[in-house]
Amino acid sequence: QQQVKQSPQSLIVQKGGISIINCAYENTAFDYFPWYQQFPGKGPALLIAIRPDVSEKKEGRFTISFNKSAKQFSLHIMDSQPGDSATYFCAARRAGGGNKLTFGTGTQLKVEL
Amino acid sequence: ETGVTQSPTHLIKTRGQQVTLRCSSQSGHNTVSWYQQALGQGPQFIFQYYREEENGRGNFPPRFSGLQFPNYSSELNVNALELDDSALYLCASSLGQGGITEAFFGQGTRLTVV
């Protein structure tokens, strides 16, 4: 059972454009929603994270939008750069579940010049 | 770079063999989690150790086992290797169990079973 659904599977954006990746979850017990960036041959690196009591969080060019009623959250990358080309994973963690993260299937982002 | 280091970086094993992967957690972190990431997929939670005790397990068979040592470093052991065990194995460390504790991943060990 896939508890975190991520889309799109791949995304091509022009340099300077906005990249948008969406995730939906099923388990209302999730209380922490991080986004990870992964380059080939590397481990995932934490980008930004949000809790469900906040509807939006911005850090630099990266913004998470969170819709608790719809059980959806999204990552927006503003002014996308070629260096942002990587695979992005959304994840969720259940309250009281230690640090067990449930990951989405990933979005391969390519930013073209 | 996170302070989480994994060894070895690459490994090739034969079906039926056993393998041990190692993880050194970030300084001060007492919780270690292990994940399996198949090619083109998101990481899947294997299990977690907190203060040397297994504390949560994903949907993996008993031939996947682990240890955490007093210095909070950890090992993942896989017995009777199968071809489908070929994957990137990731270790993540964090401080504590609840609240907002960020998990920091190592670079992973690429295991190939032939």
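Scroll up to find the structure.
## Thoughts on unusual backbone geometry
Of note, the amide linkage connecting Ser7(A) to Pro8(A) takes the cis form, showing an omega dihedral of -5°. Assignment of secondary structure puts Pro8(A) in the loop between strand 1 (4-7) and strand 2 (10-14). Along the chain, Ser7(B) connects to Pro8(B) via a cis peptide bond; the corresponding omega equals -10°. Positionally, Pro8(B) belongs in the loop between strand 1 (5-7) and strand 2 (10-13). Not every positive phi belongs to a glycine, and Lys71(A) is a case in point at roughly 55°. Considering the arrangement of structural elements, one finds Lys71(A) in the loop between strand 7 (62-67) and strand 8 (72-77). The exposure class assigned to Lys71(A) is partly exposed, which follows from its relative accessible area of 27%. Of note in this structure, Tyr72(B) is not a glycine but carries a positive phi near 75°.

## Side note on the side chain of Gln38(A)
Structurally, Gln38(A) is set in strand 4 (residues 30-38). Polar contacts involving the side chain of Gln38(A) include one to the side chain of Gln37(B), which spans 2.9 Å.

What counts and how
- Along each chain, numbering runs from 1 in the same order as the chain's sequence is written.
- Note on labels: chains are lettered from A, ligands numbered from 1, in written order.
- Local features in a predicted model are, by the rule used here, given only for residues with pLDDT of at least 70; side-chain atom pairs are given and counted only at 80 or more, and totals for whole chains, interfaces and linings are based on all residues.
- Computation of side-chain values covers all heavy atoms of the structure but excludes hydrogens and water.
- Under the DSSP-based scheme used, a helix requires at least four consecutive residues in state H or I and a strand at least two consecutive residues in state E, with every element numbered from the N terminus.
- Accessibility here uses a 1.4 Å probe with only protein chains present; expressed as a share of the type maximum, an area under 20% marks a residue as buried, one over 50% as exposed, and anything in between as partly exposed.
- Polar contacts, as used here, are pairs of N or O atoms within 3.5 Å; protein pairs need one atom able to donate a hydrogen and one able to accept it. Residues neighboring in sequence count only if both atoms are side-chain atoms.

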